[in-house]
Amino acid sequence: SVAHGFWEGGPQAANVGEKIALIHSELLETFRGVACRASEKIPNFSHAEEEAADVLIRLLDFCGAYGLRLEEAMHAKHAYNVSRPHKHGRKF
């Protein structure tokens, strides 16, 4: 992502809101891709799979740039969620 110009000036110069919005836009594209049409960019994958991969790529890039401990936080949050009640006690 650095070589492709997404971090010009480094994380300190980046617009954090814009970076989060880019992650969100990939989620929206994943939602739109759920119709299971084929990816036009990567053979043998659906459009939803392609866009879900983009979500992870952008999220991992963001976390790496800001030194966020995503893996550790994911394990800790999962352990917490396992102890929560059905639907986290909400009706949804």
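Structure's up top.
What counts and how
- Residues numbered from 1 in each chain as written.
- Predicted model: local features only at pLDDT ≥ 70, side-chain atom pairs only at ≥ 80, totals over all residues.
- Heavy atoms only, no water.
- Phe/Tyr/Trp six-rings, centres within 6.5 Å; stacked < 30°, edge-to-face > 60°.
- Helix = DSSP H or I, 4+ residues; strand = E, 2+ residues; numbered from the N terminus.
- Buried < 20%, exposed > 50% of the residue type's maximum accessible area, 1.4 Å probe, protein only.
- Lys NZ or Arg CZ within 6 Å of the ring centre and 35° of its normal.
- Axes fitted to C-alpha atoms, helices over the stretch in contact; angles between N-to-C directions.
- Parallel < 35°, antiparallel > 145°, perpendicular 65-115°, else oblique.
- Left-handed = near helix turned anticlockwise from the far one by under 90°.
- Contact = heavy atoms within 4.5 Å.
- Nonpolar A, V, L, I, M, F, W, Y, C, P; charged D, E, K, R; others polar.

J.: What's the story with the packing of aromatic side chains in this structure? I'm lost.
T.: By convention here, two paired aromatic rings are described through the distance between centres and the angle between planes. With the rule as written, the count across this model stands at two aromatic pairs. Between Trp7 and Tyr66 the ring centres are 5.7 Å apart and the planes differ by 70 degrees, which places this aromatic pair in the edge-to-face class. Of this pair, Trp7 sits in the segment before α1 (16-33) while Tyr66 sits in the loop between α2 (47-65) and α3 (70-82), and the two are 59 residues apart along the sequence. Aromatic side chains Phe62 and Tyr66 sit 4.9 Å apart centroid to centroid with 50 degrees between the ring planes, which places their arrangement in the tilted category. Since its relative accessible area comes to 12%, Phe62 is described here as buried. Taken together, the aromatic side chains of Trp7, Phe62 and Tyr66 make up a single cluster linked through ring pairs. Residue placement shows Lys19 over the ring face of Trp7; its charged tip is 4.2 Å from the ring centre. Of note, Arg58 hangs over the ring of Phe6, and the distance from its end group to the ring centre comes to 5.0 Å.

J.: Looking at this structure, how should I read the environment of Cys36?
T.: Within the secondary structure layout, Cys36 lies in the loop between α1 and α2. We classify Cys36 as exposed; its relative accessible area is 60%.

J.: Honestly, the packing of α1 against α2 in this entry has me stumped. Any pointers?
T.: Geometrically, a packed helix pair is captured by the angle between its two axes and the distance between the axes. Interaxial distance between α1 and α2 falls to 7 Å at its minimum, and their mutual angle equals 165 degrees. Put simply, α1 runs roughly antiparallel to α2. Like other packed secondary-structure pairs, α1 and α2 cross with a definite hand, here left-handed. Between α1, through Val16, Lys19, Ile20, Leu22, Ile23, Glu26, Leu27, Glu29, Thr30 and Gly33, and α2, the contact on the second element is made entirely by His47, Ala48, Glu51, Ala52, Asp54, Val55, Arg58, Leu59 and Phe62. The residue inventory of the contact of α1 with α2, partitioned by class, reads ten nonpolar, three polar and six charged.

Purely geometric stuff here, so don't read any function into it on its own.
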